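# Structure assessment
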Amino acid sequence: LIIGASLSADFSAPSPGRILAEQNGHAPTVVACYLAGCGQGSQLIKRLDEKQVASSSAVVALDFAYWDSYNPDCSVGVGAVRELVTLAAKHRVPLVLGNAPNRNAGAWYRFWAGARSATQQCRAAINSEIAKICTGQCRIFDLDGRNEQLRGREDELLTDGLHPGPVLSRMFARDIDAMVQ
């Protein structure tokens, strides 16, 4: 199961979750959206059917919390993260959950994503909650920490300064595979 915003929706390259699923002979179930505010985890969780989680071999949610980091009410994003972690734990399904990276989305992306703020004022609160509750079969995919890995290679690895291109998407897929083994 792949759940998230543009990265999960194959916006600029096949998502790392899709690459991994297809390498393992699975057709992924995708619950993703990146327009009109529907890519926020707090919106995506409403579209998620518990049966989708229960029948999954893993849940990949790399950008699930990103757009909620732009919401002025941090409880919204924190609540969505809690709900996703709880669902995965309830069904004993491995969850790879990305934190909200310090990557400023341009005004155009913020407009189309329905961001409620120009800054990621809830990034710290969401990332703190992820660090606190992502235990057991939940693994944190440190998107924020990977900013250092990208430094000087943004043009090569990011299609537009925000979204991974094919090379970075494959790198992320390899990292996720190692995390769920």
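Conventions and cut-offs
- Residues numbered from 1 in each chain as written.
- Predicted model: local features only at pLDDT ≥ 70, side-chain atom pairs only at ≥ 80, totals over all residues.
- Heavy atoms only, no water.
- Phe/Tyr/Trp six-rings, centres within 6.5 Å; stacked < 30°, edge-to-face > 60°.
- Buried < 20%, exposed > 50% of the residue type's maximum accessible area, 1.4 Å probe, protein only.
- Lys NZ or Arg CZ within 6 Å of the ring centre and 35° of its normal.
- Helix = DSSP H or I, 4+ residues; strand = E, 2+ residues; numbered from the N terminus.
- Contact = heavy atoms within 4.5 Å.
- Pairing = 2+ DSSP bridges.
- Right-handed = clockwise from strand over helix to strand, strands pointing away.
- Expected span 1.5 Å × (residues − 1).
- Core = buried A, V, L, I, M, F, W, Y, C linked by side-chain atoms within 4.5 Å.
- Salt bridge = Lys/Arg side-chain N within 4 Å of Asp/Glu carboxyl O.

With that out of the way, let us pick up the packing of aromatic side chains. Counted under the stated rule, the structure contains 4 aromatic pairs. Ring plane angle 75° and centroid distance 4.9 Å describe the contact between Tyr 66 and Trp 67, whose orientation is recorded as edge-to-face. Tyr 66 sits in the buried class, given a relative accessible area of 6%. Between Trp 67 and Tyr 70 the ring centres are 5.3 Å apart and the planes differ by 35°, which places this aromatic pair in the tilted class. As far as burial versus exposure is concerned, Trp 67 and Tyr 70 are alike and both buried. Against the face of Phe 141 rests Arg 146, its NZ or CZ located 4.0 Å from the ring centre.

Quick look at the environment of Ala 13 now. Looking at the secondary structure, you find Ala 13 in the loop between strand S1 (2-4) and helix H1 (16-23). Non-local contacts of Ala 13, meaning those with residues more than four positions away in its chain, are made with Pro 164, Gly 165, Pro 166 and Ser 169.

Moving on to the pairing of strand S4 (residues 95-98). Along a regular strand, successive side chains alternate from one face of the sheet to the other. Of the two faces of S4, both are covered, the one formed by Leu 95 and Leu 97 as well as the one formed by Val 96 and Gly 98. Of the pairings in the sheet, the one linking strand S3 (residues 59-61) to S4 comprises 3 bridges and is parallel in character. Paired with Ala 61 across the bridge in S4 is Leu 97. Read as a crossover between parallel neighbours, the route from S3 over helix H4 (residues 74-90) to S4 is right-handed.

A word on H4. The first and last C-alpha atoms of H4 sit 24 Å apart over 17 residues, in line with the 24 Å expected at 1.5 Å per residue. Listed as buried for H4 are Gly 77, Val 78, Ala 80, Val 81, Leu 84, Val 85, Leu 87 and Ala 88. Positive backbone phi, at 55°, marks Arg 92, one or two positions downstream of H4.

It is worth spelling out the nonpolar core at this point. Counting 27 residues, the largest nonpolar core has Ile 3, Leu 48, Phe 64, Leu 84, Leu 95 and Leu 97 as the members making the most contacts within it. Broken down by secondary-structure element, the contributors of at least two residues to this core are helix H2 (41-47), S3, H4, S4 and helix H6 (123-133). The greatest single-element share of this core, amounting to 7 residues, is contributed by H4. Setting aside chain neighbours within four positions, we find Ile 3 in contact with Ser 8, Val 31, Leu 44, Leu 48, Val 59, Val 60, Ala 61, Leu 62, Asp 63, Phe 64 and Leu 84. Grouped together as the second largest cluster of nonpolar side chains are 14 residues, Leu 62, Leu 143, Leu 157 and Ile 176 included.

With respect to the helices, strands and loops of the structure, Arg 47 is situated in helix H2. It is 7.4 Å that separates the C-alpha atoms of Arg 47 and Val 31, two residues lying 16 residues apart in sequence.

With that out of the way, let us pick up the pattern of salt bridges. Per the stated rule, a full pass over the model turns up 8 salt bridges. Notably, a salt bridge pairs Asp 10 with Arg 18, separated by 2.7 Å at the nearest N-O pair. A salt bridge links Lys 90 to Glu 50; the nearest nitrogen and oxygen atoms lie 2.6 Å apart. Of this pair, Lys 90 sits in helix H4 while Glu 50 sits in helix H3 (residues 50-54); the two residues are 40 residues apart in sequence, bridging distant segments of the chain. On the basis of relative accessibility, which here comes to 55%, the residue Lys 90 falls in the exposed class. Each of Asp 10, Arg 18 and Glu 22 takes part in salt bridges that share partners, so that together they form one network.

All quantities given are derived from atomic positions and should not be read as evidence of function.
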